[in-house]
Amino acid sequence: MTTGVPPTRPARPRRSRVLRFLPLGIAAWLVLEIWLLTVVAGAAGGLTVFLLLVAGIVLGGMVIKHAGRRAFRELSEAVQQQQSGLAPHPSERGGGNALTMLGGLLIILPGLISDALGLLLLVPPIQKAVSRTAEKTFERKVREASQGSLGDAFQQARMHRPDGKVVQGEVIRDDEQPARGAHPDDPQLPPR
């Protein structure tokens with residue numbers, strides 16, 4: 001039975017401004033990287049650009065390998081301390097391994113701008129500033145997301161169904177045995 005309400009189409013979620021312009025930003029960055037490589041190749045020669053790209057791959061690989069080993073070592077120490085019952089000591093370099101790996105990845109990518117950004121991420125004061133900014137942004141996003149509860153999200157999803165139908169009912173489970181004599185007017189069920 002329908003209520004006569006025409007079904008509504010669900011609204012498309014709005015994309016954020018960052019996601020809307022991300023493809024354009026990536027394309028502009030690639031064009032700028034290629035243009036800068038051709039300028040350097042014209043000024044210093046193609047062999048120089050080739051050696052810069054190879055050096056970036058080697059250096060970036062070394063940085064990622066070093067950061068990965070350090071992260072694995074810190075994880076192993078934390079697991080050993082947890083198993084021995086000791087309280088883990090707070091690390092002075094919280095989040096440094098991830099940013100170091102990101103810096104190494106940027107160095108590996110072919111291009112001089114990505115190399116410069118990767119090298120900047122290897123500088124400890126810049127790492128700390130980026131880490132603090134990322135942590136504050138993450139906490140703000142979590143706070144914004146927790147303004148509405150999960151139950152509200154499910155309620156909204158149920159109310160905005162495309163067909164508009166809501167079926168009310170009661171769940172009766174067969175696997176639960178009712179307590180005998182719980183209420184005086186409950187009929188006595190035969191044993192199974």
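Everything below is about the structure printed above this text.
Overview of the structure. (Residues numbered from 1 in each chain as written. Predicted model: local features only at pLDDT ≥ 70, side-chain atom pairs only at ≥ 80, totals over all residues. Heavy atoms only, no water.)

## Details of helix 3 (residues 96-108)
Item 1. Its 13 residues place the ends of helix 3 18 Å apart at the C-alpha level, agreeing with the 18 Å of an ideal helix rising 1.5 Å per residue.
Item 2. Among the residues of helix 3, Gly96, Asn97, Leu99, Thr100, Gly103, Gly104, Leu106 and Ile107 are the ones counted as buried.
Item 3. Tucked into the core, helix 3 has its buried residues touching helix 2 (46-84), helix 4 (112-121) and helix 5 (124-145). (Helix = DSSP H or I, 4+ residues; strand = E, 2+ residues; numbered from the N terminus. Expected span 1.5 Å × (residues − 1). Buried < 20%, exposed > 50% of the residue type's maximum accessible area, 1.4 Å probe, protein only. Contact = heavy atoms within 4.5 Å.)

## Some thoughts on the environment of asparagine 97
Item 1. Tracing the backbone through its elements, the reader meets asparagine 97 in helix 3.
Item 2. Between the alpha carbons of asparagine 97 and alanine 71 there is a distance of 6.2 Å; along the sequence they are 26 residues apart.
Item 3. Dropping the residues within four chain positions of it, asparagine 97 is found in contact with Ala67, Arg70, Ala71 and Glu74.
Item 4. Engagement of the side chain of asparagine 97 in a polar contact is seen with the side chain of glutamate 74, the distance being 3.1 Å. (Polar contact = N/O pair within 3.5 Å; in protein donor to acceptor, adjacent residues only side chain to side chain.)

## Some points on the packing of helix 1 (residues 17-44) against helix 2
Item 1. Relative orientation of the contacting elements helix 1 and helix 2 amounts to 130°, with a least axis distance of 6 Å. Classed by the angle they form, the pair helix 1 and helix 2 counts as oblique. Between helix 1 and helix 2, the contacting residues are Leu37, Val40, Ala41 and Ala44 on the first element and Gly46, Thr48, Val49 and Leu53 on the second.
Item 2. For the contact of helix 1 with helix 2, the class distribution of residues is six nonpolar, two polar and no charged. (Axes fitted to C-alpha atoms, helices over the stretch in contact; angles between N-to-C directions. Parallel < 35°, antiparallel > 145°, perpendicular 65-115°, else oblique. Nonpolar A, V, L, I, M, F, W, Y, C, P; charged D, E, K, R; others polar.)

## Section: the side chain of serine 114
Item 1. Along the chain, the position of serine 114 falls in helix 4.
Item 2. Each residue touching serine 114, except ones within four places of it in the same chain, is listed here: Trp29, Glu33, Leu106, Ile107 and Leu109.

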